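Summary of structural features
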Amino acid sequence: MAGDQLQVLNALDVAKTQWYHFTAIVIAGMGFFTDAYDLFSISIVTRLLGRIYYTAADATKPGSLPINVNAAVTGVALCGTLAGQLFFGWLGDTLGRKKVYGITLILMVVSSIASGLSFGHEAKAVLATLCFFRFWLGFGVGGDYPLSATIMSEYANKKTRGAFIAAVFAMQGFGILASGIISLIVSAGFEHKYKPPAFSVDPAASCPPASDYIWRIILMFGAVPAGMTYYWRMKMPETARYTALIAKNAKQAAEDMSRVLEVELPADEETLDKIVDEERNQFGLFTWEFVRTYGVRLLGTTSTWFLLDIAFYSQNLFQKDLFTSIGWLPAAKNMSAIREVYKVARAQTLIALCGTVPGYWFTVAFIDIIGRFTIQMMGFFFMTVFLFALGIPYHHWQQKAHRIGFIVMYSLTFFFSNFGPNATTFVVPAEVFPARLRSTCHGISAAAGKAGAIVGSFGFLYLSQEKNIVLRDAGYPAGIGKKNSLIVLACLSFLGMLFTLLVPEAKGKSLEEASGEVEEQDDGKIQPDA
């Protein structure tokens, strides 16, 4: 019967959309704004770092980061993110969502600022410092994934829960956009002041000493949005589902949500005792009962996120090389160091405006109408189509007359990754697991995604190198080239379609229904499983 469900949870499920929902979206979403800004801004400044610290005095072309250094700078934050997702996901179920929510934000603020500082002036000291603090930045970023998703899912009503969780994640789009805009502003300001010539005109003057400030300012700005939300995060009450179902304090849960919803709610302590004493609410993560009940869906959420992030991150992290290869960006020697930052930032900003940001918000608009499963399957399908369309006739797109078509197709792959699995893989794990394991399972799913991101960012630095030594970056071994890399990504997207079949639909269900803790009867009322 409906009476066997806590009234405070029913009240949250049927609550009308109120101001506190939007407040929660902004508070949690600004964390993802920061996450995306920090993780993607590094792709803008890697070439500048190569010019500043690895250009030889008699070089005939601008310096670039050595292969191992480039891999470390690009991927170290992803390694930290993976560790943070597992650790803070577990901690969120152990200590509470709110108690550890502020810790992740402090880590992000401190590490963002420290990323722009250096212990020494030599290349090794500067880049070792950068890598060290970007690992801890990633560690804080990782914690935000399971905590923000779980908090938003447990605050939202069942009618619009998908849109609210997706809106939190959609702030990533603005973070990516902001990383491009800030880079444009900073580089344009420095270029206006110093007016450096192209490398081919004057190699030494093309990279003025003040260029060293550009990448520091860009990276340190990531601390600003995170710092702005710390106070409001600490003001949020613990979620009712954690307080009641895990901490087993029905009275406190009712008091907290009474203030949030501005209605009187009973404590329901007797009902809570019945719920927590049931055997189906006792088993833990490392049990056969968990494997039997939730193993298939955990395989679905982890595998789809893993496959998606290989494609998503590899595209983001070598997109500047793709733009150069089709002639959309001038050759490095024909630009100054500052101009190159501006050009790469402009390309990333245009992609964000045309494909990334709209895709996120299409998901927000439609996820509670057509469902998570449909959006994810559709997204993987169109990613497969467009990546094959880019990869198979790749040499066609390199011709000057077809470059605009390449940019349009490339933008569409980002649009359908975001109006597709990049959003839904974040939403679904916050809905389909029980409250006592929700944050942990979301962290595991997200960590699988970051494992894919590491494969994409590290692996494709090597894999996307051309076989022709003239066309590949100095120091890199021959890879399979960009054409074949795009085809590989298309195949991985197709696998994502297949594994999506393992992911359950949660549209229109309460969290307890979606996680299988209760069943929905024909009369629409909720009762525990038999």
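What comes next concerns the included structure. (Residues numbered from 1 in each chain as written. Predicted model: local features only at pLDDT ≥ 70, side-chain atom pairs only at ≥ 80, totals over all residues. Heavy atoms only, no water.)

1. So, the pattern of salt bridges
According to the stated counting rule, one finds 16 salt bridges in the structure shown. Glu154 is the partner of Arg438 in a salt bridge, and the nearest nitrogen-oxygen pair spans 2.6 Å. Pair noted here: Arg438 is in helix H19 (residues 435-463) and Glu154 is in helix H5 (residues 123-155), with a separation of 284 residues, a long-range link. Of the residues examined, Arg438 reaches a relative accessible area of 0% and is grouped as buried. Residue class for Glu154 comes out buried when judged on its relative accessible area of 1%. Taking the shortest distance from any N to any O, the salt bridge between Asp256 and Arg259 comes out at 2.7 Å. Separated by three residues within a single helix, Asp256 and Arg259 lie in helix H10 (residues 250-261), roughly one turn from each other. Relative accessible area serves as the criterion here: at 7%, Asp256 is assigned to the buried category. It is possible to trace a salt-bridge network through shared partners that takes in Asp93, Arg97, Glu154 and Arg438. (Salt bridge = Lys/Arg side-chain N within 4 Å of Asp/Glu carboxyl O. Helix = DSSP H or I, 4+ residues; strand = E, 2+ residues; numbered from the N terminus. Buried < 20%, exposed > 50% of the residue type's maximum accessible area, 1.4 Å probe, protein only.)

2. A few points about unusual backbone geometry
Even without being a glycine, Lys195 presents a positive backbone phi close to 45 degrees. Within the fold, Lys195 resides in the loop between helix H6 (161-194) and helix H7 (211-220). Despite not being glycine, Lys248 has its phi angle at roughly 60 degrees, a positive value. Within the secondary structure, Lys248 sits in the loop between helix H9 (240-246) and H10.

3. Observations concerning helix H3 (residues 67-94)
It helps to recall that an α-helix has 3.6 residues per turn; residues three or four apart then point in one direction. The end-to-end C-alpha separation of H3 is 40 Å, in line with the 40 Å expected for 28 residues at 1.5 Å each. Gly75 marks the point of greatest bend in H3, at about 45 degrees. Positive backbone phi, at 115 degrees, marks Gly96, one or two positions downstream of H3. (Expected span 1.5 Å × (residues − 1). Bend = angle between axes of the 7 residues up to and from the residue.)

4. With respect to empty space enclosed by the protein
Applying the stated criterion to the full structure yields seven cavities of 30 Å³ or more. Here the second largest cavity defines a volume of roughly 50 Å³. Around the second largest cavity sit Phe40, Tyr145, Phe169, Gln172, Trp305, Asp309, Phe312, Tyr313, Asn422 and Lys450, which together line it. Where the lining of the second largest cavity is concerned, the elements lending two or more residues are H6 and helix H12 (288-317). Looking at the lining of the second largest cavity element by element, the count peaks at four residues for H12. For the lining of the second largest cavity, the residue count by class is six nonpolar, two polar and two charged. (1 Å grid on protein atoms, 1.4 Å probe; cavity = no way out; pocket = protein on both sides within 12 Å on 5 of 7 lines; lining within 4 Å. Points joined across faces, edges and corners; volume = space filled by probe spheres on them. Nonpolar A, V, L, I, M, F, W, Y, C, P; charged D, E, K, R; others polar.)

5. A few points about the packing of aromatic side chains
Evaluation of the coordinates by the stated rule reveals 40 aromatic pairs. Taken together, a centroid distance of 5.2 Å and an interplanar angle of 75 degrees make the contact between Phe87 and Phe88 edge-to-face. By relative accessible area, which is 36% here, Phe87 ends up partly exposed. Ring centres 6.1 Å apart and planes at 55 degrees place the aromatic pair Tyr294 and Phe433 in the tilted group. Of this pair, Tyr294 sits in helix H12 while Phe433 sits in the loop between helix H18 (421-427) and H19, and the two are 139 residues apart along the sequence. Looking at Tyr294, the relative accessible area reads 4%, which means it is buried. (Phe/Tyr/Trp six-rings, centres within 6.5 Å; stacked < 30°, edge-to-face > 60°.)

6. With respect to the nonpolar core
Generally speaking, a soluble globular protein has its nonpolar side chains buried in company with each other. Ranked by size, the top nonpolar core spans 137 residues in total, and within it Leu49, Tyr145, Met152, Trp215 and Phe426 carry the most contacts. The biggest single contributor to this core is helix H2 (residues 19-54), with 18 residues. Residues in contact with Tyr145, not counting those within four places in the same chain, are Phe32, Asp35, Thr81, Gln85, Phe169, Gln172, Trp305, Tyr313, Phe426, His442, Ala446 and Lys450. (Core = buried A, V, L, I, M, F, W, Y, C linked by side-chain atoms within 4.5 Å. Contact = heavy atoms within 4.5 Å.)

7. Considerations on a nonpolar patch on the surface
On the surface, a nonpolar cluster with roughly 340 Å² of combined accessible area is contributed by Phe362, Phe366, Ile369 and Ile370. In this structure, Ile370 sits in helix H14 (residues 337-370). On the basis of relative accessible area, Ile370 is assigned to the partly exposed category, the value being 33%. (Patch = residues over 30% accessible without salt bridge, like charges linked within 9 Å, V, L, I, M, F, W, Y side chains within 5 Å. Areas by Shrake-Rupley, 256 points an atom, 1.4 Å probe, with all protein chains shown as cover.)

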